[in-house]
Amino acid sequence: MQKMIKAMLLLSGLTVSQISLAASNDSAMLQSGDFVGYSFWLISMALAASTIFFLMEALRLGGKWATSLTVSALVTFIAAFHYFYMRDVWVTTGNTPTDFRYIDWLLTVPLLMIEFYLILAAIATVSGGIFWRLLIGTLVMLVPGYMGEAGYINATVGFVIGMLGWAYILYEIFAGEASKVAAGQAPPAVQKAYGLMKWTVTIGWAIYPIGYFLGYLAGGTDEGTLNIVYNLADVLNKIAFGLFIWYAANEDSNAKSHA
Ligand SMILES: *C/C=C(C)/C=C/C=C(C)/C=C/C1=C(C)CCCC1(C)C
């Protein structure tokens, strides 16, 4: 595990230097006053920095928390990469990079779901069913959403099926097996993190279907505003979400070392 984390750190260091090289070549494309472009820029940098932070902390805390923190780093790493591409799409064409967003979601959302399983697995014995149910919920939410948004199926049908997938995820984390393990066996810091993560999936995630609804079902919305809102949502749903896990890892490790 230690070796793997170190290799990832090296890789993300290389990526950041690559990205900054690319950035110095095309920085002319970012027009002054393009606030949507700025938000793409800020978020991609924040995601890259978070990746380094989560990896360093995975090394420092190690043990059973290393996996959760490494997964947090994977989420921000994958998203940082996509954000650099999305920023380019936006500044060069002024279009919304929908395909990139969905490819990013297809990878990062299942990883975020796995975190519920991992933080519980760090403190209790949990069944793999939690993992699979959350994974299936994710696919039911995202695949029809994409198909509706890209025009392969009716936009309303895609939306409705996607909402059912999300509802299923919420059921699992609020009332299903995962919630019972969290309430019954988790130490206070893990319970707090679980609660924050659960509400992030409720409130933070609501932003994406609202955007879909306004954009495709309610007759269109301003693309610039929509992108800024999505970009800010990702700060909460990817970076803050990782920090909640980091909080639990840190508190739990401190409690153990003082005991
Ligand atoms: C880091 C990215 C995240 C957390 C993305 C989350 C995306 C969603 C919660 C999308 C949800 C959707 C529905 C609930 C209905 C159908 C349309 C979607 C795919 C936008």
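The text that follows walks through the structure, step by step, so that each part is easy to find. Just so it is clear, the model here is predicted, and its values are computed rather than measured.

Further remarks concern the overall build of the protein. Across its full length, the protein carries nine helices and zero strands. Here the C-alpha radius of gyration of the protein, 19 Å, is about what a compact globule of 259 residues would show, namely 18 Å. C-alpha atoms of the protein, sized along the principal axes, occupy 55 × 45 × 25 Å. Contacts in the protein between residues far apart in sequence, at least 24 positions, make up 80% of those at least 6 positions apart. When the accessible area of the protein is evaluated, it comes to approximately 11800 Å², of which 70% is carbon and sulfur surface. A gap of 14 Å separates the mean positions of the 12 positive and 15 negative side-chain charges of the protein.

What follows is about the site of the ligand. Residues in contact with the ligand amount to 18 residues; listed here are only the nearest, Trp105, Met141, Trp205, Tyr208 and Lys238. In the complex, the protein chains occlude 100% of the 530 Å² of accessible area that the ligand would expose alone. In this structure the site holding the ligand corresponds to the largest cavity. Listing elements by their share of the shell around the ligand, those giving two or more residues are α4 (98-121), α5 (128-149), α6 (155-175), α8 (188-217) and α9 (223-258). When residues of the shell around the ligand are assigned to their parent elements, the largest contribution, five residues, is made by α4. In terms of residue class, the shell around the ligand is built from twelve nonpolar, four polar and two charged.

Before going further, it helps to examine the side chain of Ser39. Tracing the backbone shows Ser39 in helix α2 (residues 35-61). A relative accessible area of 10% places Ser39 in the buried class. Filtering out sequence-adjacent residues up to four positions away, Ser39 remains in contact with Ile228 and Asn231.

Evaluated as defined, the whole model comprises two cavities of 30 Å³ or more. Around the largest cavity sit 21 residues that line it, and Trp105, Met141, Leu142, Tyr208 and Pro209 are the ones nearest its centre. Those elements that provide at least two residues to the lining of the largest cavity are α4, α5, α6, α8 and α9. If one sorts the elements of the lining of the largest cavity by residue count, α6 sits on top with five residues.

A separate point is the side chain of Asn227. Position of Asn227 among the secondary structure elements: in helix α9. Contacts of Asn227, omitting those with residues within four sequence positions, involve Val36, Phe40, Trp90, Thr96, Pro97 and Arg101.

The biggest cluster of nonpolar side chains holds 60 residues, and the ones touching the most others in it are Phe116, Val201 and Trp205. Looking at this core, the element that brings in the most residues is α4, giving eleven residues. Once residues lying within four places of it in the same chain are set aside, the contact partners of Phe116 are Leu134, Ile173, Tyr194, Met197, Lys198, Val201 and Phe241. Formed by twelve residues, the second largest nonpolar core is a distinct cluster that contains Val36, Ala48, Ala80 and Trp90.

Okay, the packing of aromatic side chains next. According to the stated counting rule, one finds 21 aromatic pairs in the structure shown. Each ring, one from Tyr85 and one from Phe100, has its centre 5.5 Å from the other, and the planes form 20 degrees; the classification is stacked. Of this pair, Tyr85 sits in helix α3 (residues 66-93) while Phe100 sits in helix α4, and the two are 15 residues apart along the sequence. A relative accessible area of 46% means that Tyr85 is categorised as partly exposed.

Between α6 and α8, whose axes approach to 11 Å, the crossing angle comes to 175 degrees. Our classification of the angle between α6 and α8 gives roughly antiparallel. Counting all contacts with α6, which are made through Ala155, Thr156, Gly158, Phe159, Met163, Trp166, Ile169, Leu170, Glu172, Ile173 and Phe174, the residues of α8 involved are Tyr194, Lys198, Trp199, Val201, Thr202, Trp205, Ala206, Pro209, Tyr212, Phe213, Tyr216 and Leu217. Here the residues of the contact of α6 with α8 sort into 18 nonpolar, three polar and two charged.

A word on α4. Along its 24 residues, α4 runs 34 Å from first to last C-alpha, staying within 8% of the 34 Å computed at 1.5 Å per residue. By the largest-angle criterion, Trp105 marks the main kink of α4, which is about 30 degrees. Across the 24 residues of α4, 17 count as buried, placing the element largely inside the fold.

At their nearest, the axes of α4 and α5 sit 9 Å apart, and the two run at 165 degrees to each other. Relative to α5, α4 is oriented roughly antiparallel. Like other packed secondary-structure pairs, α4 and α5 cross with a definite hand, here right-handed. Of α5, the residues touching α4 (which contributes Thr98, Asp99, Tyr102, Trp105, Leu106, Val109, Pro110, Met113, Ile114, Phe116 and Tyr117) are Gly128, Ile130, Phe131, Leu134, Leu135, Thr138, Leu139, Met141, Leu142, Gly145, Tyr146 and Glu149. When its residues are assigned to classes, the contact of α4 with α5 shows 17 nonpolar, four polar and two charged.

Conventions adopted
Residues numbered from 1 in each chain as written. Predicted model: local features only at pLDDT ≥ 70, side-chain atom pairs only at ≥ 80, totals over all residues. Heavy atoms only, no water. Helix = DSSP H or I, 4+ residues; strand = E, 2+ residues; numbered from the N terminus. Rg over C-alpha atoms; globule rule 2.2 N^0.38 Å. Contact = heavy atoms within 4.5 Å. Areas by Shrake-Rupley, 256 points an atom, 1.4 Å probe, with all protein chains shown as cover. Lys, Arg positive; Asp, Glu negative; His and termini not counted. Charge placed at Lys NZ, Arg CZ, Asp CG, Glu CD. Near = heavy atom within 4 Å. 1 Å grid on protein atoms, 1.4 Å probe; cavity = no way out; pocket = protein on both sides within 12 Å on 5 of 7 lines; lining within 4 Å. Sits in = over half its atoms within 2 Å of the grid points. Nonpolar A, V, L, I, M, F, W, Y, C, P; charged D, E, K, R; others polar. Buried < 20%, exposed > 50% of the residue type's maximum accessible area, 1.4 Å probe, protein only. Points joined across faces, edges and corners; volume = space filled by probe spheres on them. Core = buried A, V, L, I, M, F, W, Y, C linked by side-chain atoms within 4.5 Å. Phe/Tyr/Trp six-rings, centres within 6.5 Å; stacked < 30°, edge-to-face > 60°. Axes fitted to C-alpha atoms, helices over the stretch in contact; angles between N-to-C directions. Parallel < 35°, antiparallel > 145°, perpendicular 65-115°, else oblique. Expected span 1.5 Å × (residues − 1). Bend = angle between axes of the 7 residues up to and from the residue. Left-handed = near helix turned anticlockwise from the far one by under 90°.

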